[in-house]
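Listed here are the chains, written in short residue letters.
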Amino acid sequence: MSAGPGAFDAAAADAVLLAPLLWEPVAAATVARSAPAAGERVLDACCGTGPSALLAAAAVGPAGAVDAVDVSSAAVAQLQQAARSAGGLPCLEAHTADATAWPGRGYDLVQGVLGVFFLLDPAAGTEHLVRCARPGGRVVITTWATGALAVAGRALVEAVAAVREEALPAWSASAAAQQLGEGAALAAWVGARGLDDVVVTRHPHAVPASAEELWLLVLGSGFRGLLSGLAAAQVARVRDLYLSGLAGGDDVDATFLVATGHRPEVPGVPSGA
Ligand SMILES: C[S@@+](CC[C@H](N)C(=O)[O-])C[C@H]1O[C@@H](n2cnc3c(N)ncnc32)[C@H](O)[C@@H]1O
């Protein structure tokens, strides 16, 4: 998925509208796997507008703590608003910060939902997140499965190229996202970041192929970066072309993978050794 600087700031309000169709189901499946327990300390890296952080906060309760971290101040503001609407959630703190430089340590659980492939250096950034967990703590990484959202990405890039009247390379997932889109490859990659007991689960999901939902998928995600610099009339033409490119198609595949693992009790030594 393409996401230039500021794409997630611009998308934050619409990401909240898109959440029930996409972000919340992904968060629910991830948190079902990460299983935050009452009283635990959790780091939610690349939290966006916070669907997985909010679920973790509800699970850890007042005796626990959740630090939710995202570089997008607009996304963090949406999360803070959602926490206020939920009655305050004193155990949840949302921070505008680079997760790869986050100084917190000793978390029982670190979760990164659909974020690690956006990090400047996904391997080094994820290794940093692993170090944020306590020895023996859980680390959970969610990624898109190969092909997820591809039909929408391709239609959007074709529409933007037509409106800009310039040739654009056909849409493809970023190299990092491609690398993490298959179960075995994701398990090996996460293991190479220092986790043991790695298990990857696959979660089929789809976004309904109605015009409103297909356009929300653009406005409320990193796809929005492709609209940057276009005037309102051009955006309207992109919308029409994009929707006609997808007309009559199936629901948009948004299958995702959830990798769970543990930081070894003694760093560098797998717990089975
Ligand atoms: C696809 S969104 C996912 C958001 C959220 N986890 C969810 O599932 O709804 C990816 C998020 O990663 C954030 N992000 C990218 N690089 C980051 C970094 N270095 N540190 C913290 N957040 C980052 C973006 O701002 C964006 O909110």
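Each residue is numbered by its place in its chain's sequence as written, counting from 1. Given that the model is predicted, a residue must reach a pLDDT of at least 70 before its local features are reported, and side-chain atom pairs must reach 80 or more before they are shown or counted; all residues, however, enter totals for whole chains, interfaces and linings. In computing side-chain properties, one takes all heavy atoms of the structure into account and sets aside hydrogens as well as water.

**Things to note about the site of the ligand**
Here's step 1: Any residue with a heavy atom lying within 4 Å of a molecule or strand is counted as near it. Taken together, the neighbourhood of the ligand is formed by 16 residues, with Cys-46, Asp-70, Asp-98, Ala-99 and Val-113 sitting nearest.
Here's step 2: Per-residue accessibility takes into account occlusion by the displayed protein chains alone, with areas from the Shrake-Rupley method and a 1.4 Å probe. Summarising the interface, the protein chains cover 93% of the accessible area of the ligand, which totals 590 Å² for the free molecule.
Here's step 3: Cavities and pockets are defined on a 1 Å grid built over the protein atoms alone: a cavity is a set of grid points where a 1.4 Å probe fits but cannot escape, while a pocket is an open set with protein on both sides within 12 Å along at least five of seven lines, and lining residues are those with an atom within 4 Å of any such point. A pocket or cavity is taken to hold a molecule when more than half of that molecule's atoms are within 2 Å of the pocket's grid points. Taken atom by atom, the bulk of the ligand overlaps the largest pocket.
Here's step 4: The class makeup of the residues in the shell around the ligand is 12 nonpolar, two polar and two charged. Only Asp, Glu, Lys and Arg are considered charged in this grouping, and only Ala, Val, Leu, Ile, Met, Phe, Trp, Tyr, Cys and Pro are considered nonpolar; every other residue, Gly among them, is considered polar.

**A word on the packing of helix H9 (residues 211-219) against helix H10 (residues 232-246)**
A pair of packed helices is characterised by two quantities: the angle between their axes and the separation of those axes.
Here's step 1: A fitted line through C-alpha atoms serves as each axis, taken over the contacting stretch for helices, and the angle formed by two N-to-C directions is quoted from 0 to 180°. Working definition: helices are DSSP H or I runs of at least four residues, strands are E runs of at least two. Numbering for both runs from the N terminus. As a packed pair, H9 and H10 sit with axes 10 Å apart at the nearest point and diverge in direction by 120 degrees. Between H9 and H10, the interaxial angle falls into the category oblique. The two elements H9 and H10 meet at a crossing, and its hand is right-handed. Residue-level inspection shows Ala-211, Leu-214, Trp-215, Leu-217 and Val-218 of H9 in contact with H10, the latter providing Val-235, Val-238, Arg-239, Tyr-242, Leu-243 and Leu-246.
Here's step 2: Residues that form the contact of H9 with H10 fall into these classes: 10 nonpolar, no polar and one charged. Orientation categories follow fixed angle ranges, with anything under 35 degrees roughly parallel, anything over 145 roughly antiparallel, 65 to 115 roughly perpendicular, and all other angles oblique. Crossing handedness follows the turn of the near helix against the far one: under a right angle anticlockwise gives a left-handed crossing, and clockwise gives a right-handed one. What makes two residues a contact is simply this: any of their non-hydrogen atoms within 4.5 Å.

**Quick word on the packing of aromatic side chains**
Between two aromatic rings, the relevant description is the distance of the centres plus the angle of the planes.
Here's step 1: A pair of aromatic rings is counted whenever rings of Phe, Tyr or Trp (Trp by its six-membered ring) have centres within 6.5 Å, and the orientation is called stacked for planes under 30 degrees apart, edge-to-face for over 60 and tilted otherwise. For the coordinates displayed, the defined rule picks out five aromatic pairs.
Here's step 2: Measuring from ring centre to ring centre gives 5.1 Å for Phe-8 and Phe-118, while their planes differ by 80 degrees; the resulting arrangement is edge-to-face. Linking Phe-8 in helix H1 (residues 7-18) with Phe-118 in the loop between strand S4 (107-113) and helix H5 (122-132), this pair joins segments that are 110 residues apart in sequence.
Here's step 3: Working definition: with a 1.4 Å probe on protein chains only, accessible area under 20% of the residue-type maximum means buried, over 50% means exposed, and in between means partly exposed. Residue Phe-8 is classed as partly exposed on the basis of its relative accessible area of 31%.
Here's step 4: Relative accessible area serves as the criterion here: at 31%, Phe-118 is assigned to the partly exposed category.
Here's step 5: Of note, Arg-193 hangs over the ring of Trp-189, and the distance from its end group to the ring centre comes to 4.8 Å. Charge-over-ring contacts are defined here by two conditions on Lys NZ or Arg CZ: a distance within 6 Å of the ring centre and an angle within 35 degrees of the ring normal.

**Quick word on the layout of surface pockets**
Here's step 1: Grid points are joined across faces, edges and corners, and a volume is the space filled by probe spheres set on the points. There is about 930 Å³ of room inside the largest pocket.
Here's step 2: Breaking the lining of the largest pocket down by element, the ones donating at least two residues are H1, helix H2 (23-34), helix H3 (51-60), strand S2 (65-70) and helix H7 (175-179).
Here's step 3: Broken down by element, the lining of the largest pocket gets its largest block of residues, six residues, from H1.
Here's step 4: Classifying every residue of the lining of the largest pocket gives 28 nonpolar, 11 polar and five charged.

**Details of the sheet that holds strand S5 (residues 133-144)**
Here's step 1: In spatial order, the strands read S3-S2-S1-S4-S5-S9-S6; together these seven strands make up an open sheet with mixed pairing. Each edge of the sheet is formed by a strand with only one pairing partner; in this case those strands are strand S3 (92-96) and strand S6 (196-203). Ignoring which end each strand starts from, the neighbouring axes of this sheet average 15 degrees apart.
Here's step 2: Strands in contact with H5 are strand S1 (41-45), S4 and S5; relative to S5, the strand with the most contacts, it is inclined by about 140 degrees. A pair of strands is treated as paired once DSSP finds two or more bridges between them.

**Section: the packing of H1 against helix H4 (residues 73-85)**
Here's step 1: Look at H1 against H4: their axes get within 7 Å of each other, and the N-to-C directions meet at 30 degrees. Relative to H4, the element H1 is oriented roughly parallel. Contact with H1, carried on its side by Asp-9, Ala-12, Ala-13 and Val-16, involves Ser-73, Ala-74, Ala-75 and Gln-78 of H4 and no other residues of that element.
Here's step 2: For the contact of H1 with H4, the residue count by class is five nonpolar, two polar and one charged.

**As for the side chain of His-203**
Here's step 1: With respect to the helices and strands, the residue His-203 is situated in strand S6.
Here's step 2: With relative accessibility at 17%, the residue His-203 sits in the buried group.
Here's step 3: At 2.8 Å, the side chain of His-203 forms a polar contact with the side chain of Thr-201.
Here's step 4: Look past the residues within four positions of His-203 in its chain and what remains in contact with it is Ala-29, Arg-33, Thr-255, Phe-256 and Val-258. Side-chain atoms alone can form a polar contact between residues adjacent in sequence; in general such a contact is a pair of N or O atoms within 3.5 Å, and within protein one must be able to donate a hydrogen while the other accepts it.

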